Amino acid sequence: MSVEHLRTLTARQAAAELAGDEDGAWDTGAVHYGLDTFRTVYRTVDPHGRPTTASGLLALPRSGERRLRAVSFTHGTELFKGDVASVSAEVWDQAPALTYASAGFAAVLPDHLGMGLGPGPQAWMDVPSETTAALDMLRASRTVATRQGRELRRGVLATGFSQGASAALGPARSLQEGADHWFRIRAIAPVSGAYAFRDAALPALLAGRTDPKASVICTALFLVAFNRLHHLYDTPARAFRAPYDRTIEGLLDGTHTGQEVVAGTPDSLDALLTARGRAMPAHPPDGWRRPCGPRTACAPTGCRGLRSGSTTPRGTSRPSTRTRPTATPPCAPTASTPRWSTSAPRTTAAPAISVPSRREPPPWSGGSGRFGRHT
């Protein structure tokens, strides 16, 4: 529907941005080329199959190579629409695009539905709609690349981190089954996803094996998002205690920063949930499991890294302070203190795929993801 050229970077500029991230330096060992980034708005379908639009970022290397291998990278959970690569100017959000494109790949970063410039709230942890958004972003990117005198090769490398890790399984499976007439899956490298959502992640949340604040936000997001898709409750008061029954759905509509979400939620599940609300995650509806097929993927398989952020989109003032909460990964047993917001992995994959990595986590990080880097 629309394409906007955002930036042109030399290889030296890309390396400087990656190395100079205030949240911690990224590995620049694979930086060889300059790059151009493009914000793309394209047509796709919502979780019910109705027409909608989504946005994403495409980064093309200035390598001189006409035929490019595409890397599809799906980002981790963000609570705020502006905390995705197509909108955010933060190095954390841009890093996968900068790393892959500067290494010679076409970096294709779809926003999950409802994020970036997409309308409405996000369809959180809905693998079928994550799949269609990712596939349609690949198709849109092929069109954009053609207009730039480039060609995307048939073989796609699919990866993602946290929520994006299990999200990457959807387009990988669909491409394996022939969902697109051009693209085929070449390799997949999902990183740090929580793939057993019903059997592992939700029980861990409810049993207190995660950081209390992370459990609150992850569980709230699950109930609110899945109620839109699977009708878990008739009114918020059935699931949430006062006063949160009057505020929680609006708080998680994608227009509030991580700071606001942290401030607007309690510190324990007991303060958030009614008895019925606590029972809902323990006994999720069978209807959430959707058929697998060429246009869909298996229904929710992982918590995919509940994280939030509070990057402010253009035209909005940025909060002047940056205090970060402590939180353990919401879909893993309590360990150390990670960050709340994930858009890229911190571990390095095989050089041939060149997954973005940090040399070491920032000092305020201690886990597998971050949740609200600006909260």
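This structure is a prediction, so every number in the text was calculated from the model and none was measured. (Residues numbered from 1 in each chain as written. Predicted model: local features only at pLDDT ≥ 70, side-chain atom pairs only at ≥ 80, totals over all residues. Heavy atoms only, no water.)

Colleague: Hey, could you run me through helix 6 (residues 212-230) in this one?
Modeller: Residues three or four positions apart in an α-helix share a direction because the helix packs 3.6 residues into each turn. An ideal rise of 1.5 Å per residue puts 27 Å on 19 residues; helix 6 measures up with 26 Å between its terminal C-alpha atoms. Taking burial as the measure, the 19 residues of helix 6 include 17 buried ones, the bulk of the element. Among the residues trailing helix 6, His231 stands out with phi positive, at a value near 50 degrees. (Helix = DSSP H or I, 4+ residues; strand = E, 2+ residues; numbered from the N terminus. Expected span 1.5 Å × (residues − 1). Buried < 20%, exposed > 50% of the residue type's maximum accessible area, 1.4 Å probe, protein only.)

Colleague: Help me understand the pattern of salt bridges, please; the structure alone is not making it clear to me.
Modeller: Once their charged atoms are close, side chains differing in charge can pair, the charge on each being opposite to the other. Scanning all chains against the criterion turns up 11 salt bridges. Across the pair Arg39 and Glu4 runs a salt bridge whose closest N-O atoms are separated by 2.7 Å. On the criterion of sequence distance, the pair formed by Arg39 in strand 2 (residues 35-45) and Glu4 in strand 1 (residues 2-9) is long-range, its members being 35 residues apart. The buried category is assigned to Arg39, whose relative accessible area is 9%. Across the pair Asp36 and Arg62 runs a salt bridge whose closest N-O atoms are separated by 2.7 Å. Here Asp36 is found in strand 2, whereas its partner Arg62 is found in the loop between strand 3 (51-61) and strand 4 (67-74), with 26 residues between them in sequence. Judged by its relative accessible area of 11%, Asp36 falls in the buried class. Each of Arg66, Arg67 and Glu151 takes part in salt bridges that share partners, so that together they form one network. (Salt bridge = Lys/Arg side-chain N within 4 Å of Asp/Glu carboxyl O.)

Colleague: Help me out: how do you make sense of the nonpolar core in this one?
Modeller: Membership of the largest hydrophobic core comes to 31 residues, with the highest contact counts inside it found for Phe222, Leu223, Tyr233, Phe240, Leu252 and Leu272. Of all the secondary structure elements, the ones that give two or more residues to this core are helix 5 (197-206), helix 6, helix 7 (248-251) and helix 9 (269-272). No other element matches the 10 residues that helix 6 contributes to this core. Non-local contacts of Leu272, meaning those with residues more than four positions away in its chain, are made with Val216, Ala220, Ala239, Phe240, Arg241, Tyr244 and Pro266. (Core = buried A, V, L, I, M, F, W, Y, C linked by side-chain atoms within 4.5 Å. Contact = heavy atoms within 4.5 Å.)

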